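Observations on the three-dimensional arrangement
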Amino acid sequence: MSKLLNSFCGLFACASCVGAHATDLAKKPNIVFILVDDFRYDAMGYCGNKIVNTPSIDNLATQGTFFRNAFSSTPISSASRASILTGLHERTHRYSFQTGPIDDRFLENAYPLKLKEAGYHTALYGKLGVNCTDAESLFDEIEDYDRNNAIKEDGYHYKTLNNDTVHLTRYTGQKGLDYIEKQDGKNPFFLALCFSAPHAHDSAKQQYFWDEEQEDLYSDVTVPDPIMSEDKYFERLPEAVKNGFSRLRWTWRFDTPEKYQFMMKGYYKMIAGVDQEIAKVRKMLEKKGLADNTVIVFMGDNGYFLGERQIADKWMMYDLSVRIPLIIYDPRIDKHSEVEQQVINVDIPSTFVDIAGGEIPSQWQGKSLKGLLKNKNYRMKRDTILIEHLWEMPNIPSCEGVRTDEWKYFRYVNDERIEELYNLKNDPNEEFDLSKDKKYAKVLANLRNKTDELAHKFSANGWIAPENLSSRFISKGEYSLIKSDKQVFGWILPYFSQAQKSYQILVASSEDNIRKNVGDMWNSGCVFSNNSLNVEYKGKALEKGKTYYWSVRYWDYLNRTSQYSEPQSFVYGENAEVVAQTSQMPDTDVLMMWGISNIINDGQALSIAPDMGDVEKSSIVYPTLLGDVKADYRMAGNRRYYTVTVPANMAAEFVIPVGVKGIVLLNGKPQSLNYGKLQLNAGENLIQIQNNTF
């Protein structure tokens, strides 16, 4: 009887636990995340914009917490969305446009997986914006889509609802409504609605495409001209910006008054379409009785230029490019507030998980904003944020910098001589660059150092440079295989890099230049090659006896760019090696050098023995960055003997002459001829060939 009673009590206790767990889950708030593309922070009525029609977004702002100083750590959608997904800065996850899929290691703690662990059902509709090997495993439900770039003109109208082709904004909104309609309130849900609007459809002349319901909006208004649109602001920009995509896209959209009015109204019409869908989502939450327990997060992925400085789009480090709209509405907190502290997109996943009562991964680099929802004076313990755009694109110069409440500093990665400094308190529009003003030299130096510090901090597990740099001067001898004097370079990839796709070498005449990534003697540009050993200098003429400086970076197999290596100096012409051979020989047997990282071929193969002739013996020395390869040859009857000495940390291949049908020994051991080559190790290798055809 007691056993039966104990069993009954155990079952009752278990059932009570299950019931309590279900009750706890039901109390957890739902989360609706609305992410918009290229939505500028001030493109809403709440921020004083008297043109754009955004009543639903304005209501969220007046009812919830509005973050006055929210920023995207990287002002471009792919990298920014990867940071939101992973909780990591760009220089850690190293994902952007034209890279391969994001590293699976960084998805192990992706925020939707952490929300699942906290008991949430998760769904995403719209633009995930991150190439993943298995995006379907991240969310319980996902439909990942964006503008249709296969359509040159209107890439927004291709999805259908009830057999009718609708605007992509309407389609995403309806997917959200359908998802909410299915919810019964028993388990918490997370719903991400990732609108492609108001992103321009870049291939189209019209650029901005809206739903027919917004057709008549703004027809009777004139949009004010952008601030700082005079020629002088454009002329202050670096040449790389003036000649780049920012200027080109300005000519697509804003270079005449008529074009400006049309494009701005199109941009605002698309925003009004998003606002309309938000109103429908909130109404559906009310209908389902879920509104009082659903947190709504509204956010942009990056800032946007709308003709200021006579440029367009994002990418830059100015506030117009990095500042984003961010609103968090929690109906359980019955008050409106504005937060002045700096927050960034990397904070968002921590905020989601904190609201959900989950565990925030220690690897994440952001901070939860939950404490600021109840107390706007809650201190974040962060006085400086890192901002960066590291995508290596010739028409979009890479930049990096830092922002505090008072100061903004940034520099251009590929020429750190170009830097800018602004006092944000006195100059919020960033009109007056103080970087050349000696009064602010100390501020400039401190912010440079802070940029270096944060760049290093967030590079620790991702954005790593080549290692073990070597440089060597090789001088031509009388019978050398080397046709002229040359300087050669080599490096080793970090241990976790699977392959090198490309490299870039900089050679500078001063240490100051090389530390600012200026190759005034040689900038190789991006060279598509896996070679990292004996790379020959091809720049301006070098003076013998003069000291030069060099560094290198590489693109890995996923086209992710490393940072530049620590610079190394060399004296041109110093410690030269005279390379000579005792006899001229035709090309027959070939020694293919293997570096630690790469095979060296393409003109760097070495002939070490004659075919059939009168030469009875010869020797040759071939210099490499890892040391000299020495090969001695002698012939006796129908036998040939090769002694090949390979430097430490190197291996080599010996290619067997075509037509050999006899016996081959390597260090006294018979070898198969099926592969046509022998693998040589570091040290002395004795090769014996007995060929019946000799």
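Residues numbered from 1 in each chain as written. Predicted model: local features only at pLDDT ≥ 70, side-chain atom pairs only at ≥ 80, totals over all residues. Heavy atoms only, no water.

1. As for the overall build of the chain
The secondary structure content of the chain amounts to 16 helices and 37 strands. Expressed as a percentage of the 694 residues in the chain, the buried residues total 56%. Summing over all exposed atoms, the chain offers an accessible surface of approximately 30,400 Å²; the carbon and sulfur share of this is 48%. (Helix = DSSP H or I, 4+ residues; strand = E, 2+ residues; numbered from the N terminus. Buried < 20%, exposed > 50% of the residue type's maximum accessible area, 1.4 Å probe, protein only. Areas by Shrake-Rupley, 256 points an atom, 1.4 Å probe, with all protein chains shown as cover.)

2. Some points on the sheet that holds strand β16 (residues 399–403)
An order of β15-β16-β17-β18 is seen for the four strands of this open sheet, with the pairing classed as antiparallel. Here the strands that pair on one side only, and so sit at the sheet edges, are β15 (385–389) and β18 (415–423). Pairs of neighbouring strands in the sheet enclose a mean axial angle of 15°, with direction left out of account. Bridge analysis of β15 against β16 gives five bridges, and the strand direction is antiparallel. Paired with histidine 389 across the two strands is cysteine 399, which belongs to β16. Contacts from helix α15 (residues 441–459) reach β15, β16, β17 (407–412) and β18 within the one sheet, and its direction differs from that of β17 by about 65°. (Pairing = 2+ DSSP bridges. Axes fitted to C-alpha atoms, helices over the stretch in contact; angles between N-to-C directions. Contact = heavy atoms within 4.5 Å.)

3. Quick notes on the nonpolar core
Formed by 60 residues in total, the largest nonpolar core has its most connected members in Leu191, Tyr208, Phe254, Tyr268 and Phe298. If you list the elements that add at least two residues to this core, you get β1 (30–36), α2 (55–63), β4 (121–126), α7 (168–182), β8 (189–194), α11 (257–287), β9 (294–300) and β12 (326–329). The element that contributes the greatest number of residues to this core is α11, accounting for 13 residues. Setting aside residues up to four positions removed in sequence, phenylalanine 298 forms contacts with Ile34, Val36, Phe39, Met44, Ile57, Leu60, Ile278, Pro325, Leu326 and Ile327. Among the nonpolar cores identified, the runner-up in size contains 45 residues, and Ala82, Cys132, Ala192 and Leu373 belong to it. (Core = buried A, V, L, I, M, F, W, Y, C linked by side-chain atoms within 4.5 Å.)

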